[in-house]
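So the chains spell out like this:
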Amino acid sequence: QVQLVESGGGLVQPGGSLRLSCAASGFTFRAYAMSWYRQAPGKERELVAGITSAGGSTNYADSVKGRFTISRDNAKNTVYLQMNSLKPEDTAVYYCNAERGCIRYWGQGTQVTVSS
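In short, a report on the structure. The structure displayed is predicted, hence computed values, not measured ones.

### Brief notes about the side chain of arginine 38
(1) Moving on: Along the chain, the position of arginine 38 falls in strand S4 (residues 33-39).
(2) Moving on: Reaching out from arginine 38, the side chain makes a polar contact with the side chain of glutamate 46 at a distance of 2.7 Å.
(3) Moving on: Only 2.9 Å separates the side chain of arginine 38 from the side chain of aspartate 90, close enough to count as a polar contact.
(4) Moving on: Dropping the residues within four chain positions of it, arginine 38 is found in contact with Glu44, Arg45, Glu46, Val48, Ser63, Val64, Phe68, Glu89, Asp90, Ala92, Val93 and Tyr94.

As structure tokens, this is what we get:
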């Protein structure tokens with residue numbers, strides 16, 4: 001069955017870094033665009049970053065440009081989100097998403113908390 005398993009979340013101080021990973025299985029990973037979304041308490045889920053199936057193009061929310069980097073390794077069926085210069089407002093549950101046409105898969109999420 002399809003699985004997207006996020007890892008790498010945790011508690012970090014402002015200005016710190018985290019690297020999230022999302023391991024995929026049960027579908028043809030290299031054929032899907034991948035994205036990271038996040039949802040903070042009381043807020044709607046928002047797109048953080050996306051990457052095309054071959055990894056040739058990326059896009060970012062304005063709030064994370066220059067601080068976050070999305071990448072993928074199609075040989076390992078894994079997508080990453082490197083998060084630097086973290087701010088308290090980055091606190092949220094981060095979700096991995098796979099998309100191809102009208103097909104979308106979601107992971108269960110990993111908590112990121114930025115606090116001193």
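Picking up where we left off.
### Brief notes about the pairing of strand S7 (residues 68-73)
(1) Moving on: Here S7 shows a buried face lined by Phe68, Ile70 and Arg72 and an unburied face lined by Thr69, Ser71 and Asp73.
(2) Moving on: Examined bridge by bridge, S7 and strand S8 (residues 78-83) share six bridges and lie antiparallel to one another. Looking at the pairing, aspartate 73 lines up with threonine 78 of S8.
(3) Moving on: As consecutive antiparallel partners, S7 and S8 are separated by four residues, and within that stretch asparagine 77 has a phi angle of approximately 55°, a positive value.

### What to know about the pairing of strand S3 (residues 18-25)
(1) Moving on: Across five bridges, strand S1 (residues 3-7) lies against S3 in antiparallel orientation. Bridging across to S3, valine 5 finds its partner in alanine 23.
(2) Moving on: Pairing of S3 with S8, which is carried by six bridges, proceeds in the antiparallel orientation. For cysteine 22, the partnering residue across the bridge sits in S8 and is valine 79.

### Regarding the environment of valine 114
(1) Moving on: Considering the arrangement of structural elements, one finds valine 114 in strand S11 (residues 110-114).
(2) Moving on: A sequence separation of 25 residues divides valine 114 from glutamate 89, and the C-alpha atoms of the two residues are 7.6 Å apart.
(3) Moving on: With near-sequence residues (within four places) excluded, valine 114 lies in contact with Val12, Gln13, Pro14, Leu86, Lys87, Pro88, Asp90 and Thr91.

### Some thoughts on the pattern of salt bridges
Opposite charge on two side chains makes pairing possible when the charged atoms of those side chains draw close.
(1) Moving on: This structure, assessed with the given rule, holds five salt bridges.
(2) Moving on: As a salt-bridge pair, arginine 67 and aspartate 90 come within 2.7 Å of each other at their nearest N and O atoms. A residue pair is termed long-range when its members are at least 10 positions apart, and arginine 67 in the loop between strand S6 (58-60) and S7 and aspartate 90 in the loop between S8 and strand S9 (92-100) qualify at 23 residues. Summarising the burial analysis for this pair, arginine 67 and aspartate 90 share the class buried.
(3) Moving on: A cluster of three or more residues bridged by salt bridges with shared partners is formed by Arg38, Glu46, Arg67 and Asp90.

### What to know about the state of the cysteines
(1) Moving on: For the structure shown, the criterion picks out one disulfide.
(2) Moving on: Cysteine 22 shares a disulfide with cysteine 96; S-S distance 2.1 Å. As the torsion about the S-S bond is roughly -80°, the cysteine 22-cysteine 96 disulfide counts as left-handed. A residue pair is termed long-range when its members are at least 10 positions apart, and cysteine 22 in strand S3 and cysteine 96 in strand S9 qualify at 74 residues.
(3) Moving on: Residue classification places cysteine 96 among the buried positions, given a relative accessible area of 0%.
(4) Moving on: Its sulfur unpaired, cysteine 102 is 19 Å from the next cysteine sulfur, which belongs to cysteine 96.
(5) Moving on: Judged by its relative accessible area of 79%, cysteine 102 falls in the exposed class.

Rules of the game
Residues numbered from 1 in each chain as written. Predicted model: local features only at pLDDT ≥ 70, side-chain atom pairs only at ≥ 80, totals over all residues. Heavy atoms only, no water. Helix = DSSP H or I, 4+ residues; strand = E, 2+ residues; numbered from the N terminus. Polar contact = N/O pair within 3.5 Å; in protein donor to acceptor, adjacent residues only side chain to side chain. Contact = heavy atoms within 4.5 Å. Buried < 20%, exposed > 50% of the residue type's maximum accessible area, 1.4 Å probe, protein only. Pairing = 2+ DSSP bridges. Salt bridge = Lys/Arg side-chain N within 4 Å of Asp/Glu carboxyl O. Disulfide = S-S within 2.5 Å.

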